[in-house]
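Here are the chains, one letter per residue:
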Amino acid sequence: MRILIIGAVAAGTSAGAKARRNDEDAEIVIYEKDRFISYSGCGMPYYLGGIINDVEELSPRDPEFFKSKYNIDVMILHEVLAIDLINKKLSVRNLSSGDVFEDYFDKLVISTGAVPFIPKIKGNDSKNVFTLRNINDVRRIKGFIDKNKPAKAVIAGTGFIGLEVCENLKKVGIEVLLIEMKPKVTPNLDEDMAIYVKEHIEKNGVKVLTNTIIDEITDSGVYILNNSVKKQINSEKIEHSEKTFIEADMVILATGIKPEVTLAKNAGITLGLLGAIKVNNKMQTNFPDVYACGDCIEQFNLVTGNAIYAPLGSTANKTGRIAGDSLTGGNLEFKGILGTAIFRIFDMTVAQTGLTENEAKKLEIDIAVCHNIKPDKPEYMGGEEMVIKAIADKSDGRLLGVQIVGFGGTDKRIDVFATAITFNAKVWDLAHLDLAYAPPFSTTKDPVMYTGMILENSINNDRPLITSEELDKLIKSNEKYKLIDARVPSQYEKNHIDSAQNIPHSKIRDMAQNLDKEITTITYCNKGVTGNAAQNILINKGFKKVFNLSGGHKQFKITPR
């Protein structure tokens, strides 16, 4: 059996290695148009910041490695021009010699990855404009920095790559301006979590412009325009004069990627709803002997079953392994993904898994939402606060999604949550997890367990939560309500929600008889714990409808409005 693979980064090499482990006699050839193979794209920003000294560290495996270890021929600088599915042939150009030849296959794996999405901006092809997708890109950026010593950089886009590049350019002394066309940074987070990231970035000396687009790029900077103004101008079809010029020596376009499906589309392979290659759970395309994997394929969401496109290195390796196993007769199947992701920005860790609140609402799921603000370990051991936002299905208590911003221990908590969602855990299961505890690592009740307890109380124990957004709507409505600040007077006097009455927790029992039990009552404290204690007292005294403010005053203060 002759196996041809197009693409030699994460998914393609994983497919080849797994196929070889299953079948020692197969002929396996991987065609790669680049010079670099099997590299760590996620590590590239750290080369720019000097954390990684040699770019070769990101690409430790070469064709000789795959030949000696797996007996796989990796043909670098060979571009596949076309796929002939009827005759099972590839047309290939040797980029070194220019020669074009044909090769045949019994099984084919398409692992063509993704390419940067480059917005249509005047000047986007200037010499000081860069994208970051492969080793060649990062070498060009590093070469430009070393040669030109830029003082100022503009980064368009605030996803993982944009923020990681931001941090690393700042490390080498470059002043950075972040520009995001959406109203918030980190577009994959809910707005009430993204605001923590924005504040942290700004505290570290980086200016952030949201709801802003780049209208034009020049050798000396960019012209920017407020996004809402641009929309109005386009609708009225008039020339704008509101452009602002920002000086910059270099521009990084971190505006996302799109699947590279040209070969597959031209060959007649079916694409999915989101423009990536459609595959089944064995990584097969609509042609049984043709498989696809990595950033060029459409995946499905483990929670909803709906199609998603989540190009991550971890998923690429996973799907490559499944493709290599399937085409050699194995029984591995793709189970779906949660889009679990994590990145670091100026020592803050940002992580997410599963559905966001916005996504759940679009699916019209009746959800419970909580904001759990707890230290990752005791303060006497240097613990720092993390904010955990969790979303659950009210109908059955299933955990649907989690977002975390924090410092220490964020990574291990998001992995616990991802595992729980994968195995359909209910929120009340979280409190029963036998998690490792010692003061250097956690609190006695881990933040994961607390999150489950909060949501269980909300769903099952008549201790409902109200989010800051929901409270804002209530305050603006005509509904009669009572808002109680359960903190001590000194905290109330320092800062409080305008319509709140200060009734400290210690006095709630005595004051309850003077309050209306029939109207909606909301309690709050700094972060939610004392607010819940006050809520318990009022409910136990017969109050009909009592909510605790999710995340307390801290979350309310930071929530955009």
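A. The sheet that holds strand β15 (residues 244-247), seen in detail. Strand order in the open sheet formed by 3 strands is β13-β14-β15, with antiparallel pairing between adjacent strands. With one partner strand each, in any of the chains shown, β13 (212-218) and β15 form the two edges of the open sheet. Within this sheet the neighbouring strands show an average axis-to-axis angle of 30°, counted without direction. Both β13 and strand β14 (residues 221-226) contribute to a ladder of 6 bridges, which runs antiparallel. Following the sheet pairing, Glu216 is matched in β14 by Tyr223.

B. Representation of the packing of helix α11 (residues 410-422) against helix α13 (residues 447-460). Direction vectors running N to C along α11 and α13 enclose 45°, while the axes themselves pass 10 Å from each other. Taken together, the axis directions place α11 and α13 in an arrangement best described as oblique. Contacts from Arg413, Val416 and Phe417 of α11 reach α13 at Pro447, Val448 and Thr451. Taken together, the residues of the contact of α11 with α13 break down into 4 nonpolar, 1 polar and 1 charged.

C. Just the pairing of strand β6 (residues 100-104), in detail. As defined by bridge partners, strand β5 (residues 89-94) adjoins β6 across 5 bridges and the pair is classed as antiparallel. If you follow Lys89 over to β6, its bridge partner there is Tyr104. A loop of 5 residues connects β5 with β6, the two strands running antiparallel in sequence, and Gly98 in this loop sits at a positive phi of about 90°.

D. Layout of the nonpolar core. Counting residues in each nonpolar core, the largest one holds 51 residues, and the members touching the most others are Ile6, Ile83, Leu90, Leu108, Ile110, Ile277 and Met283. The greatest single-element share of this core, amounting to 5 residues, is contributed by helix α1 (residues 10-22). Filtering out sequence-adjacent residues up to four positions away, Leu90 remains in contact with Leu4, Ile6, Tyr31, Val80, Ala82, Ile83, Phe101, Glu102, Asp103, Phe105 and Leu108. If you look at the next biggest cluster of nonpolar residues, it comprises 47 residues, including Val176, Met193, Ile201 and Ile252.

E. Just the packing of aromatic side chains, in detail. Evaluation of the coordinates by the stated rule reveals 8 aromatic pairs. For the ring pair Tyr31 and Phe101, a centre distance of 6.2 Å and an interplane angle of 55° mean the geometry is tilted. Of the two residues, Tyr31 is situated in strand β2 (residues 27-32) and Phe101 in strand β6; the sequence distance between them amounts to 70 residues. Looking at Tyr31, the relative accessible area reads 5%, which means it is buried. The partly exposed category is assigned to Phe101, whose relative accessible area is 29%. On the basis of an interplanar angle of 85° and a centroid distance of 5.3 Å, the ring pair of Phe65 and Phe66 is categorised as edge-to-face.

F. Up close: the sheet that holds strand β1 (residues 2-6). The parallel open sheet is built from 5 strands, whose spatial order is β3-β2-β1-β7-β18. Both outer strands of the open sheet, β3 (73-76) and β18 (290-292), are each paired with one neighbouring strand and no more. Sheet twist, expressed as the mean angle between neighbouring strand axes with direction ignored, is 20°. With 4 bridges connecting them, β1 and strand β7 (residues 107-110) associate as parallel partners. In the sheet register, Leu4 faces β7, and the bridge partner there is Leu108. Of the strands in this sheet, β1, β2 and β7 are in contact with α1, which crosses β2 at around 175°.

G. View of α1. End to end, α1 covers 19 Å across 13 residues, agreeing with the expected 18 Å (1.5 Å per residue, within 8%). For α1, a buried count of 11 out of 13 residues is recorded, marking the element as mostly surrounded by other parts of the structure. Along α1, the residues classified as buried are Ala10, Ala11, Gly12, Thr13, Ser14, Ala15, Gly16, Ala17, Lys18, Ala19 and Arg20. Structurally, α1 contributes buried residues whose contacts are with β1, β2, α3 (63-70), β7 and α9 (313-326).

H. Fine view of the side chain of Asn128. Structurally, the position occupied by Asn128 is in the loop between β8 (114-116) and β9 (129-130). A polar contact of 3.3 Å, which involves the side chain of Asn128, links it to the backbone oxygen of Thr218. A polar side-chain atom of Asn128 sits 3.4 Å from the main-chain carbonyl oxygen of Asp219. Aside from chain neighbours lying at most four places away, what touches Asn128 is Phe144, Thr218, Asp219, Ala248, Asp249, Met250 and Val251.

Analysis parameters
Residues numbered from 1 in each chain as written. Predicted model: local features only at pLDDT ≥ 70, side-chain atom pairs only at ≥ 80, totals over all residues. Heavy atoms only, no water. Pairing = 2+ DSSP bridges. Helix = DSSP H or I, 4+ residues; strand = E, 2+ residues; numbered from the N terminus. Axes fitted to C-alpha atoms, helices over the stretch in contact; angles between N-to-C directions. Parallel < 35°, antiparallel > 145°, perpendicular 65-115°, else oblique. Contact = heavy atoms within 4.5 Å. Nonpolar A, V, L, I, M, F, W, Y, C, P; charged D, E, K, R; others polar. Core = buried A, V, L, I, M, F, W, Y, C linked by side-chain atoms within 4.5 Å. Buried < 20%, exposed > 50% of the residue type's maximum accessible area, 1.4 Å probe, protein only. Phe/Tyr/Trp six-rings, centres within 6.5 Å; stacked < 30°, edge-to-face > 60°. Expected span 1.5 Å × (residues − 1). Polar contact = N/O pair within 3.5 Å; in protein donor to acceptor, adjacent residues only side chain to side chain.

No statement about biological role is implied by the geometric values presented.
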